[in-house]
Amino acid sequence: MSAALDRGRGMAAVADHDPSAVSVTAAPPGAIRARRFRRSLLVLLVQALILIAFLAFWEYEAGKSKQSAFMFGSPSAIWSFLRKMILDGSLLRDISVTGLETVLGFLIGNLIGTFVGLSLWYSLFVSRVVQPFVIAIGSIPIIALAPIIIIWFGTGLASKIAMSTLSVVVVALVTSYKGAIGVDPDQINLLRTLGARKPQIFSKLVVPASLTDIFAGLKLTVGFALIGAIVGEFMSSSVGLGHAIFQAGSLYAIPKVFASLVGTITLALVLTFVVGKIEQLLTPWRRAG
Amino acid sequence: MQTPIARAADAVSNTGSQRQGAPPLAVEHIAKSFFTADKVTPVVGDLSFVLGKGEIVSIVGPSGCGKTTLLNLVCGLIPPDAGQVRWHGQPLGARGFRPANVGYMLQKDLLLPWRTAIANVKLGMEIRHIPKAEGNDRARALLDQLGLHGFADNYPSTLSGGMRQRVALARTLVNDPEVLLLDEPFAALDFQTKLLIESDTVNLVRDSGKSVLLITHDIEEAVSMADRVLVLTHRPTRLKAAYDIELDAPADDMIGLRESAGFGDYVRQIWSDLDVGRA
């Protein structure tokens, strides 16, 4: 029993369906752990090999002529730009500015979207009334709003946060509303027979039951928030990753564009990782299976 | 044994004579239809029965005869088109009044996955603002009694089907309901687990003098657990027959009851009442 639980904690339900796990059920937990460790090491190794092969191919092709080096950059040129940007502190400054815009837009957009989405559960009437408006607003490409946003919010931080918030809010609203109305009606009936009124059904059932969908939305909107912030920086800015990419692109400094992209990817990965960690902390029951 | 029809008539006429004592639950001539798109589907048609104090009554009926609708009517989750449901003589109004002290349990355990076993058991007490310490003690005692000692802090996803259904039973019983409404609660369990939980349920219910309305597909379960079995017709559901079950074995001995003389006769008779072949 304890060995089975142990296994479950690491790999969730997957371990039970893994055909190779059948043959090792009799093995001591230590051996199972060692085997799993070797396997994930192998995955990591193959991934590293693919990356190295890709970079080597790129470097080799770019080295063939001056034109291709100019058009496509090369890993070594990107690296030297990256080094310079790290050393003079511009990369860190750009990442932290864009990161701040993204995080604020992400938080504001998700707070508003989730709050409204969950609240719509309360009234079928209101949710039916607002449905076409939500769909209409959701179908606007955010980039089309950028000129207005700059007029309204100026060229500073606020306009980027507004862009980022707008990219997030409708998705957050829709995913949380979907979660709220997806609650099992039998579970609602059960709570009613236990004497619960609507506010208690909302707080004890609807909100926690929607967490799965809300977190799916959060993971999705990390990327949207970043896109919003960078598009905002493209329009007008003096700092940030979007600014760096736009400026380098205008100057045909292709390796610098890629170097800033590496910074963007790093930021996206860090933010996604943080959201995943928060999800794990807030939904401990999903690891227990 | 009287003829089924005569007994059914008895059960209906009893409604009047027992009113002074106000049985926990009396269902009087209820009917319910559902409207879908352009047609009306009558689901329950003129059904009456009484659940006395300390009584276990089973309801069996052909598949799709509206047993779950009946349960929802009895709980007041949906209103009947005609007739009345009385709890302790008090009619279930359209609004406001909810039957007090009713436990409700379905085939689906409906455990909340984000709550541990004990937190699921405490759900009803939380809703009614019973002090935490008291709720904790009651929930833990009941889980121990149902053989779940040491699993109180497990999430439902780490429990077996039988254990989960025991947690659901504890969640129902911890509120000390006078009446239990069970809708095929054991149908998803394997045979061994089912017999064990059936006998645990009978023991807990008999010890505390609770009344049980057990809706089931399983004729053997109905006959072995109940004092009285009501057989329903196809839709629109009416009462077809009623049997007082008298078997010569301890009430919690699920195998002994199944082997006792007369068990097979009840099962065969109810099976033929159900009219399944001609459906």
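Attention here is on the structure that accompanies the text. Here the structure is a predicted model, which is why all the values come from computation and not from measurement.

1. Comments concerning the pairing of strand 4 (residues 82-87) of chain B
Side-chain positions along a regular strand alternate between the two faces of the sheet. Residues and elements named next belong to chain B. Bridge count for strand 1 (residues 25-36) against strand 4 is five bridges, and the pairing is antiparallel. Bridge pairing links Ala31 to Ala82 in strand 4. The turn linking strand 4 back onto strand 5 (residues 90-91) is made up of two residues, and His88 within it adopts a positive phi angle of 50 degrees.

2. Observations concerning the sheet that holds strand 7 (residues 179-183) of chain B
Residue and element names in this part refer to chain B. On the basis of which strands lie adjacent, the open sheet formed by six strands has the order 6-7-8-3-9-10 and mixed pairing. For this open sheet the edge positions go to strand 6 (102-106) and strand 10 (239-244), each flanked by a neighbour on one side alone. Across the sheet, the mean angle from the axis of one strand to that of its neighbour is 15 degrees, orientation sign disregarded. Direction of pairing for strand 3 (residues 56-60) relative to strand 8 (residues 211-216): parallel, over a ladder of five bridges. Following the sheet pairing, Ser58 is matched in strand 8 by Leu214.

3. Focus on the interface of chain A and chain B
Of the residues lining the interface, 21 residues belong to chain A; the matching set on chain B comes to 26 residues. For the chain A and chain B pair, buried surface summed over both sides reaches about 2300 Å², with 62% attributable to carbon and sulfur atoms. For chain A, the biggest contributors to the area lost against chain B are A:Leu194, A:Lys204 and A:Trp285; these three give 28% of the whole. One can count three salt bridges joining chain A with chain B. In this structure, the salt-bridge partner of B:Glu126 is A:Lys204, at a minimum N-O distance of 3.0 Å. If you list the elements that add at least two residues to the side of chain A that touches chain B, you get helix 11 (185-193), helix 12 (198-235) and helix 15 (285-288) of chain A. For the side of chain A that touches chain B, the leading source of residues is helix 11 of chain A, giving seven residues. Looking at the side of chain A that touches chain B residue by residue, the class counts come to 10 nonpolar, six polar and five charged.

4. Overview of the side chain of A:Gln187
Within the secondary structure, A:Gln187 sits in helix 11. Not counting chain neighbours up to four residues away, the residues in contact with A:Gln187 comprise A:Leu205, B:Leu110, B:Leu111 and B:Leu112.

5. So, the pattern of salt bridges
One pass over the structure, following the stated rule, counts 20 salt bridges over all chains. Between A:Asp186 and B:Lys108 there is a salt bridge whose closest N-O contact spans 3.0 Å. One end of the pair, A:Asp186, is in helix 11; the other, B:Lys108, is in the loop between strand 6 and helix 3 (117-121), on a second chain. Assessed through its relative accessible area of 23%, A:Asp186 is described here as partly exposed. Its relative accessible area of 41% is what places B:Lys108 among the partly exposed residues.

What counts and how
- Residues numbered from 1 in each chain as written.
- Chains lettered and ligands numbered in written order.
- Predicted model: local features only at pLDDT ≥ 70, side-chain atom pairs only at ≥ 80, totals over all residues.
- Heavy atoms only, no water.
- Pairing = 2+ DSSP bridges.
- Helix = DSSP H or I, 4+ residues; strand = E, 2+ residues; numbered from the N terminus.
- Axes fitted to C-alpha atoms, helices over the stretch in contact; angles between N-to-C directions.
- Contact = heavy atoms within 4.5 Å.
- Buried area = accessible area lost by both parts, 1.4 Å probe.
- Salt bridge = Lys/Arg side-chain N within 4 Å of Asp/Glu carboxyl O.
- Nonpolar A, V, L, I, M, F, W, Y, C, P; charged D, E, K, R; others polar.
- Buried < 20%, exposed > 50% of the residue type's maximum accessible area, 1.4 Å probe, protein only.

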